[in-house]
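In case you want the letters, here they are:
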Amino acid sequence: MTAIDPTTGASKPVTLRAIFILNALKILLALGFFAAFKFYGLQVGELAGPQAANLMLYTMLGYMVTFACIIASILRRSLVGIRAAIAVDFLVSIPATAVIGFIIAIISMGLTFAASVRSYFAYRG
């Protein structure tokens, strides 16, 4: 007979930390694109100039709001909350057609289905 560890899910798993880091890096990436469009004249397809810089700024602000919701969900241990925040984060990427944002949101959503993440959110200690 195997003993069940009563503290399973008490500490934050590595997978949850990866979700946190990926979404934090996405904010920095959006900031980098904003600076590149604003100050260095970057052009990506039809995106160029002040309009592209503004789009990146608003996308970054959207990422910051959803990141705050992700943090709040982690602190409150709300699995539905973190999944909803990640879904909204995916939607924030649509106006900018941010492929990297889409990929990170999909990876983050997938990581929320890991057993370690589910046990963290299920733990009530």
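Just above sits the structure.
The structure reproduced in this document is the subject of the present report. In this text the structure is predicted, and so the values were computed from the model without any measurement. Within each chain, residue numbers correspond to sequence positions counted from 1 in written order. Side-chain atom pairs in this predicted model are given and counted only at pLDDT of 80 or more, local residue features only at pLDDT of at least 70, and totals for whole chains, interfaces and linings cover all residues. Hydrogens and water are ignored here; the side-chain numbers use all heavy atoms of the structure.

**Re the overall build of the chain**
Right, on to step 1. Regarding its fold elements, the chain presents five helices and two strands.
Right, on to step 2. Each helix is a run of DSSP H or I of at least 4 residues and each strand a run of E of at least 2, with the numbering of both proceeding from the N terminus. Moving toward the C terminus, one meets the helices and strands of the chain in the order α-β-β-α-α-α-α.
Right, on to step 3. Summarising its shape, the C-alpha atoms of the chain cover approximately 65 × 20 × 20 Å along the three principal directions.
Right, on to step 4. A 1.4 Å probe rolled over the protein chains alone gives each residue an accessible area, and that area as a share of the maximum for its type sets the label: buried under 20%, exposed over 50%, partly exposed in between. Burial statistics for the chain: of 125 residues in total, 34% are counted as buried.
Right, on to step 5. Whether two residues touch is decided by their heavy atoms; if any such pair falls within 4.5 Å, the residues are in contact. Look at the contacts in the chain between residues 6 or more apart in sequence, and 68% of them connect residues 24 or more apart.

**Focus: the packing of aromatic side chains**
Right, on to step 1. To pair, rings of Phe, Tyr and Trp, with the six-membered ring standing in for Trp, must have centres within 6.5 Å; the planes then decide the type, stacked if under 30 degrees apart, edge-to-face if over 60, and tilted in the middle. Considering all chains together, one arrives at four aromatic pairs under this definition.
Right, on to step 2. Measuring from ring centre to ring centre gives 5.0 Å for Phe20 and Phe67, while their planes differ by 45°; the resulting arrangement is tilted. In this pair, Phe20 is assigned in helix H1 (residues 14-39) and Phe67 in helix H2 (residues 49-76), connecting sequence segments 47 residues apart.
Right, on to step 3. Using a relative accessible area of 13% as the deciding quantity, one classes Phe67 as buried.
Right, on to step 4. Aromatic pair Tyr120 and Phe121: ring centres 5.3 Å apart, planes at 80°, arrangement edge-to-face.
Right, on to step 5. Here, over-ring charges are defined by two tests on the NZ atom of lysine or the CZ atom of arginine: distance to the ring centre within 6 Å, and angle to the ring normal within 35 degrees. Here the guanidinium or amino end of Lys26 rests over the ring plane of Tyr63, the centre of that ring lying 4.7 Å away.
Right, on to step 6. Its end group placed over the ring of Tyr120, Arg77 keeps NZ or CZ at 3.9 Å from the ring centre.

**So, the side chain of Thr112**
Right, on to step 1. Along the chain, Thr112 falls in the loop between helix H4 (99-111) and helix H5 (115-122).
Right, on to step 2. A residue is classified by how much of its surface remains accessible, and Thr112, at 0% relative accessible area, is buried.

**Describing the packing of H1 against helix H3 (residues 79-92)**
Right, on to step 1. The convention used is that axes are lines fitted to C-alpha atoms, helices contributing only their stretch in contact, and that angles between N-to-C directions extend from 0 to 180 degrees. As a packed pair, H1 and H3 sit with axes 13 Å apart at the nearest point and diverge in direction by 30°. In this view, H1 runs roughly parallel relative to H3, as classed from their interaxial angle. Along this stretch, H1 crosses H3, giving a crossing that reads as left-handed. In contact with Leu16, Ile19, Asn23 and Lys26 of H1, H3 contributes Ile82, Ile86 and Asp89. These descriptions rest on fixed angle ranges, namely under 35 degrees for roughly parallel, over 145 for roughly antiparallel, 65 to 115 for roughly perpendicular, and the rest for oblique. Handedness of a helix crossing follows the sense of rotation of the near helix relative to the far helix, less than a right angle counterclockwise being left-handed and clockwise being right-handed.

**Structural notes on the layout of surface pockets**
Right, on to step 1. Grid points spaced at 1 Å over the protein atoms alone were grouped into cavities, where a 1.4 Å probe fits but cannot get out, and pockets, open sets with protein on both sides within 12 Å along at least five of seven lines, with lining residues defined by an atom within 4 Å of a point. Grid points are joined across faces, edges and corners, and a volume is the space filled by probe spheres set on the points. The volume enclosed by the largest pocket comes to roughly 300 Å³.
Right, on to step 2. For the largest pocket, the lining is made up of 16 residues, of which Phe33, Met56, Thr97, Ala98 and Val99 are closest to its centre.
Right, on to step 3. Those elements that provide at least two residues to the lining of the largest pocket are H1, H2 and H4.
Right, on to step 4. Sort the elements by how many residues they give to the lining of the largest pocket and H1 lands first, with five residues.
Right, on to step 5. For this classification, the nonpolar set comprises Ala, Val, Leu, Ile, Met, Phe, Trp, Tyr, Cys and Pro, the charged set comprises Asp, Glu, Lys and Arg, and every other residue, Gly included, is treated as polar. In the lining of the largest pocket, the residues fall into twelve nonpolar, three polar and one charged.

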